[in-house]
Structures are given as structure tokens and as C-alpha cells.
Amino acid sequence: MGFRTQAEEDALETMSLDEYLIENKEATFMMRASGDSMRGEGIFRGDLLIVDRSRSPHDGNIVIAVHDGAFRMARFDSRIGGAGPVRADLAVGSELSIEAVVTAVIRKLV
Amino acid sequence: MIMHLDGDSFFASVEAAKDPSLRGKPVVTGFERGIATAMSKEAKSLGITRAMPVFRIRKEFPQVRIVESDYDAYAVFSRRMFDIVRRYTDVVEEYSIDECFADFSDIPEFAPAADGSLESARPILEKIKKDIARELGISVSLGLASTRVLAKTASKSQKPNGLTILPMADVEKLLDRTPIGSVWGIGSATTISFRKLGINTALDFARKSADWVREHFSKLQIEMWYELNGTSINRVGEHAGQAQKSIMKTRSFHPHSSDEGYIFSELSKNIEGACHRARGMGLCAREFSVFIKTKEFWYKRDSVRLQLATDDPFIIIAEAKKLFGKLFDPGHVYRASGVTLCNLVPASGRQEDLFGAAGADRSRGEAFKAVDQLNKKYGRDLIHVASSLRAIQKEERGEKSLSFLPPGVRRRLSVPFIGDVL
């Protein structure tokens, strides 16, 4: 076996999507948006979401909250309702707990 | 110092992590088998026990949520739980799907203080619990002690969500309130012989002299006596897989199929995978069961007892072919197949049959060792059993999807799918 050519070397420098999308492997899960509530944030029905349970949410982050026994997307805003996430149609102060931060959206275009 | 970790109501907890509507509710898994295979603590407190029939639970406890077991999810959560422990030590022994031992002897915080205290280890143990709770959404109970038997006794003493640090000074107190029958590894028959000798608690046993124990008991109980007295006999990692009760391998296929040959090749691939895992753990199966699952989630299952314990896929595939012929109904469309190897025994201890049929088996064992090495080196499916070929060819064309992925997604991503979100 000879030495690798430059083209072969370059080909090895491929980017792994897992590496790009995942920071903490143990805490990362995939979910699917089943509604258009976050259309304004560029998340559409059917999009795949990468969510990380180990991240602390910052203002403006899209988070996964649990509301009425179901996962809901919400925009995190620390000014409203203490640490609770808010969304127009979710009452603040109802039992909301933040499960994860949405770190990426995957959408196929074709 | 050795830590024992035990996932609290593990299967039911994983189900609740995936589906928030199950949280805080009585949950039972095992819908597909028609019997309870695991219960949440709420279900246990109703009096539901393992193997209780689903129809009976429905009738007597209509408030209970009964769900189908999701072994893929349990395997992912299990692996991640153990990987979180590995952030703190390399010496981790996966004892079963929801239990592990970890050796922290090389970590300075785990060395006992001058007075024997182990409190300096507490922050790390709390961090492990916190990481698992936050990242996986499940709780675990931990025990820390100088031996495996003591660590397991400690973790069991406070559940769920317990953290029990057991310095030598506290051992007597704990053993005194531990009935001998609930010490790890002591079955009901042994409990009776202990009782006859006047031993009711773990402490009664630990206080006997070494000579007395040697006189009345065999190797297993002698080792236990040493471990209860703080002398480590079995180091972490040395008994890997000992408690493994079964090895299961299942996959769903997309698109669903009613092609008999293809479905059998899927089953064959699962058998190969399960045998590979058994060889890796040095185990042989005395019994196995296979199932095929229809599009409508109906299970058709049958099992067979083998003449000889084996880890040889040829033998199991040949037996499975007979079962499959009876299970397969061409009028149905199928979504998955699977195999469970059970009644596992150490490969070294398997019995030979009277007429030496095990001889052929043994030389094939050597061949499979070589196959495992080649597959490890060049990729998992380099060498495989011919009957698995169609399943593997399909996989190479990229048609297979993990059951964790939502329908329509065909790529192999290493991120498990946990559900829809509004």
C-alpha cells in the first residue's frame, strides 16, 4: 500500500453530522414537531428536533416543556413567570417544567 | 471502594421519561406478552406483581396504564446510564440492564478518612445521580461500600432515589436490619438452611467464625461471608454478565413485509447478533424463543429447549426454522422479528451430551471466535450466516430504519427518537 494522495487525505476530513449536532451524547434525544406553534421561530410541523436535556436554558431558547402530561415547545423568557417558559397559549403558573433545550432543527427540503 | 447502582423501577421509569402523561401514575409494561413484566412504584403499591396477567390488571385496576415493552429504549437508556458513570471511573461492570458496579478505588475522594468516613465521596455520587436524573429523566439508587455484597446491600436499603454511603463503622447496624434472605445471592432454599442454623439476619451470619462458615457452607456462602465482613473477594468486572438472565435481539423492518424468506432472514440476523453477544459474554443458551410481530402488533411466539447449551447460530437457526414454519402465516404483514436466548449458562460449564455431539460444536466455536475477531476488525457484517443474507443486503442498500426513528426517516443516526412535541 502506498501513501495517500492529497485528494484521499481531503476526503477523510469529512464532517460527521452527529459530531456537529450533538454536544452531550448521553443527554441528546430526537423529537418531531407535530404542530405549527413555533412557525414564527422557523420550526414547522414534521421537522425533526435535536434536544439536549443537560443544557440550561437561556432567554430566547426554544425549550421542551411538559404541560398537561404532554411535551410542548415553548420560548424561554426568564422575565416572565419566574423561571417558567411562556407561550401565548400556555398559562404561566400551570405546571410547567423544562425538560430540554432544542439545539437544532432538521428539515428535508425534497 | 465499590459503588452499586440500581435503576429505580427501570422499565417503567424509561416509559415515563419518554411519555410525560405516565409520570406519577401506576404504569405496567408487558402489554405485548399479556403479563406484567415491570411496574412503576405506584403500580407496585397497588399490589401489582410481576407476571400478573394483563386482563386481570385491567379488571381489578382500571386506572393502571399498561404499555408495550420498548426494549430498544431500555437498551439506550441503560447504555447512557452506564456511560454517565464512566465519566467518573473506567472500571464499570454492567451487571444487568438496570444495575452496575463501579470501582472507585483509584479516585482520591473515595479513600476512607482517618476515622473511616467516606463523606468526601458524597459530592461525586450526588453528581452521578443528578446527571442521570437530568439527562435521562430517571432516578437511580446508589450504595457505596468496601465490597460488592455490601454495596448492593447498601443501595437496596434505601430506594427509590437513595444514596447510601456505608463506612465500615455503619456496617453492623445495616446488616442487623437486613434479613438473611434479602442478601444478594441467597435464594429461598438457602434461607431455610440458614434459619435452621439460627441465622436470621445478615449480621448473624457475618458474626460467625470463618471455620464455622467453612464447616456448614460451600464456596458461594464463604465468599459472601468475607464480603459481608468487608473483605473484597470478587472484584468489579470479574463477574461480568453473571446475572444476565436473557439476551434479546429484535429489529423492525421497513417497509413491512409478508415475504416469508425475507422475514426469516431478518430473524436469522437477530439470532446471529444474539449469539455474537452471548459469545462476547462467555454464555450459552439452554433455551430460546422467537417471535414475529404483525403490522397490527400481534405477537406470534414460540420457544424451544435445546438438547445442549449453545452459542452457535447454526444450531439455533436450524431449530428456529422449525418454529418459524409454524408461526408464519402468509395472510399477515409483519413489522418485526426477534429472538431471546434464555436459561443462560457459562460457556465453560456447559454439559456435554452422552454421544459427543458437542465435539462438532466445539470446533465451530473456534471458528466463531475467529469470525467475531474479523467482524470487529473489518466491520460488523463482514462474515455472517448465509440465511441472514437478505436482511443484510437490504441494510446495505440503506432501506432499514431504526425503530427509534420516526416513520419516513431512513438514515442511521445515533440519536434516539423519543416522541412528538406540539
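Source: prediction; values computed, not measured. Throughout this description, residue numbers start from 1 for each chain and increase along the sequence as written. Labels follow written order: the first chain is A, the first ligand is 1, and so on. pLDDT decides what is reported in this predicted model: residues at 70 or higher carry local features, side-chain atom pairs at 80 or more are listed and counted, and totals for whole chains, interfaces and linings draw on all residues regardless.

Caption draft 1: Representation of the overall build of chain B. A count of helices and strands for chain B gives 15 helices and 13 strands. Split into buried and exposed, the 422 residues of chain B put 35% on the buried side. At a minimum sequence separation of 6, the contacts of chain B that also span at least 24 residues come to 64%. Secondary structure follows DSSP: runs of H or I at least 4 residues long count as helices, runs of E at least 2 residues long count as strands, and numbering of each begins at the N terminus. Three exposure classes are used, all based on how many other C-beta atoms lie within 10 Å of a residue's own C-beta (placed from the backbone): buried at 20 or more, exposed at 12 or fewer, and partly exposed between those limits. Note on contacts: each residue gets a C-beta atom placed from the backbone, and two residues are in contact if those atoms are within 7 Å.

Caption draft 2: Representation of the overall build of chain A within the structure. Helices and strands together make up the secondary structure of chain A, namely two helices and five strands. In chain A, the succession of α and β elements from N to C terminus is α-α-β-β-β-β-β. Looking at chain A as a whole, 29% of its 110 residues are labelled buried. Contacts spanning at least 24 positions in sequence make up 48% of the contacts within chain A whose residues lie at least 6 apart.

Caption draft 3: Molecular detail of the interface of chain A and chain B. Facing 24 residues of chain A, the contacting portion of chain B comprises 19 residues. For the side of chain A that touches chain B, the elements supplying multiple residues, two or more each, are β1 (28-33), β2 (48-52), β3 (62-67) and β4 (70-75) of chain A. In this count, Pro and Cys sit with the nonpolar residues alongside Ala, Val, Leu, Ile, Met, Phe, Trp and Tyr, while Asp, Glu, Lys and Arg are called charged and the others, Gly among them, polar. Residues belonging to the side of chain A that touches chain B are distributed by class as follows: 13 nonpolar, six polar and five charged. Two strands form a pair only when DSSP identifies at least two bridges running between them. Strand direction decides the pairing type here: β1 of chain A and strand β13 (residues 417-421) of chain B, joined by four bridges, are parallel. Bridge assignment links Ala 33 of chain A to a residue of β13 of chain B, and that residue is Val 421 of chain B.

Caption draft 4: Structural detail: the nonpolar core. Residues Met 3, Ala 102, Leu 144 and Leu 228 of chain B are the most contacted members of the largest nonpolar core, which totals 61 residues. With 28 residues, the next largest nonpolar core counts Ala 309, Ile 315, Ile 317 and Ala 320 of chain B among its residues. Each nonpolar core comprises buried Ala, Val, Leu, Ile, Met, Phe, Trp, Tyr and Cys residues, the members being joined through C-beta atoms within 7 Å.

Caption draft 5: Quick peek at helix α4 (residues 71-85) of chain B. All names here are of chain B. Under the convention used throughout, the expected extent of a helix is 1.5 Å for every residue step, that is, one less than its residue count. For α4, built from 15 residues, the straight-helix expectation of 21 Å at 1.5 Å per residue is met to within 8% by its first-to-last C-alpha distance of 21 Å. Among all positions of α4, only Tyr 74, Val 76, Phe 77, Ser 78, Met 81, Phe 82, Ile 84 and Val 85 are buried. In this fold, the buried residues of α4 make contact with β1 (2-7), α1 (10-18), β5 (92-96), β6 (99-103) and α5 (122-136).

Caption draft 6: Structural view of the environment of Asp 302 of chain B. Residue and element names in this part refer to chain B. Among the secondary structure elements, Asp 302 is positioned in strand β11 (residues 299-310). Judged by the 15 C-beta atoms lying within 10 Å of it, Asp 302 is partly exposed. Contacts of Asp 302, omitting those with residues within four sequence positions, involve Ser 289, Val 290, Leu 323, Lys 326 and Leu 327.

Caption draft 7: Structural view of the packing of α1 of chain B against α4 of chain B. All names here are of chain B. To get an axis, fit a line to the C-alpha atoms, keeping to the stretch in contact for a helix; angles then go from 0 to 180 degrees between the N-to-C directions. It is the contact of α1 with α4, at a shortest axis distance of 10 Å, that shows an interaxial angle of 95 degrees. The angle between α1 and α4 places the two elements in the roughly perpendicular class. Each of Phe 10, Phe 11, Val 14 and Lys 18 in α1 lies in contact with α4, whose residues at this interface are Ala 73, Tyr 74 and Phe 77. The cut-offs work like this: below 35 degrees is roughly parallel, past 145 is roughly antiparallel, 65 to 115 is roughly perpendicular, and the gaps in between are oblique.

Caption draft 8: Structural view of unusual backbone geometry. In this structure, the amide linkage connecting Lys 159 of chain B to the following residue, Pro 160 of chain B, adopts the cis form with an omega of -10 degrees. Secondary-structure assignment places Pro 160 of chain B in the loop between α6 (148-157) and β8 (163-165). Even without glycine at this site, Asp 68 of chain A takes up a positive phi of about 50 degrees. The class for Asp 68 of chain A is exposed, based on 11 C-beta atoms found within 10 Å.

Caption draft 9: Representation of the sheet that holds strand β2 (residues 27-29) of chain B within the structure. All names here are of chain B. Strand order in the open sheet made by the three strands is β3-β2-β4, with mixed pairing throughout. Either end of the sheet is taken by a strand with one partner, and the two such strands are β3 (38-39) and β4 (65-67). Across three bridges, the pairing between β2 and β4 is parallel. Of the residues in β4, the one forming a bridge with Val 27 is Arg 65.

Caption draft 10: Representation of the sheet that holds β4 of chain A within the structure. Strand order in this open sheet of six strands is β4(A)-β3(A)-β5(A)-β2(A)-β1(A)-β13(B), and the pairing throughout is mixed. Lying at the two open borders of the sheet, with one neighbouring strand each, are β4 of chain A together with β13 of chain B. Taken over all neighbouring pairs, the strand axes of this sheet differ in orientation by 40 degrees on average, direction set aside.

Caption draft 11: Highlighting the packing of helix α12 (residues 260-280) of chain B against helix α13 (residues 313-327) of chain B. All names here are of chain B. Put simply, α12 and α13 touch, their axes get as near as 10 Å, and they point 145 degrees apart. Helix-helix and strand crossings are classified by hand; for α12 and α13 the assignment is right-handed. For the pair α12 and α13, contact is made by Phe 264, Leu 267, Ser 268, Ile 271, Glu 272 and Cys 275 and by Pro 313, Ile 316, Ile 317, Ala 320 and Phe 324, respectively. Throughout, a crossing is termed right-handed when the near helix is turned clockwise from the far one, and left-handed when it is turned anticlockwise from it by less than a right angle.

Caption draft 12: Molecular detail of the pairing of β5 of chain B. Residues and elements named next belong to chain B. Extensive coverage of β5 is indicated by the burial of four of its five residues. Sheet topology note: the β5/β6 ladder contains four bridges and is antiparallel. Following the sheet pairing, Glu 93 is matched in β6 by Phe 101. Here β5 folds back onto β6, and the loop between the two strands holds two residues.

Caption draft 13: Spotlight on the environment of Glu 260 of chain B. All names here are of chain B. Relative to the assigned elements, Glu 260 resides in helix α12. Counting along the chain gives 70 residues from Glu 260 to Pro 330, while the straight-line C-alpha distance between them is 7.3 Å. When neighbours within four sequence positions are excluded, Glu 260 is seen to be in contact with Phe 328 and Pro 330.

Caption draft 14: The confidence of the model for chain B, seen in detail. All names here are of chain B. Here chain B shows a mean pLDDT of 86. Residues at 70 or above account for 87%. Every residue is assigned a pLDDT by the predictor, reflecting its confidence on a scale from 0 to 100. Here helix α14 (residues 358-378) stands out as the element of chain B with the lowest mean pLDDT, 67, in contrast to strand β7 (residues 140-145), whose mean of 98 is the highest. With pLDDT under 50 throughout, residues 350-356 is counted as low confidence; its partners more than four residues away or in other chains account for 10 contacts. Note on residues 398-413: pLDDT under 50 across the span, and 20 contacts to partners over four residues away in sequence or across chains.

Caption draft 15: Spatial organisation of α13 of chain B. Look at α13 of chain B: 20 Å from first C-alpha to last across 15 residues, which is about the 21 Å you get at 1.5 Å a residue. Restricting attention to buried positions, one finds in α13 of chain B the residues Pro 313, Ile 315, Ile 316, Ile 317, Ala 320, Leu 323 and Phe 324 of chain B.

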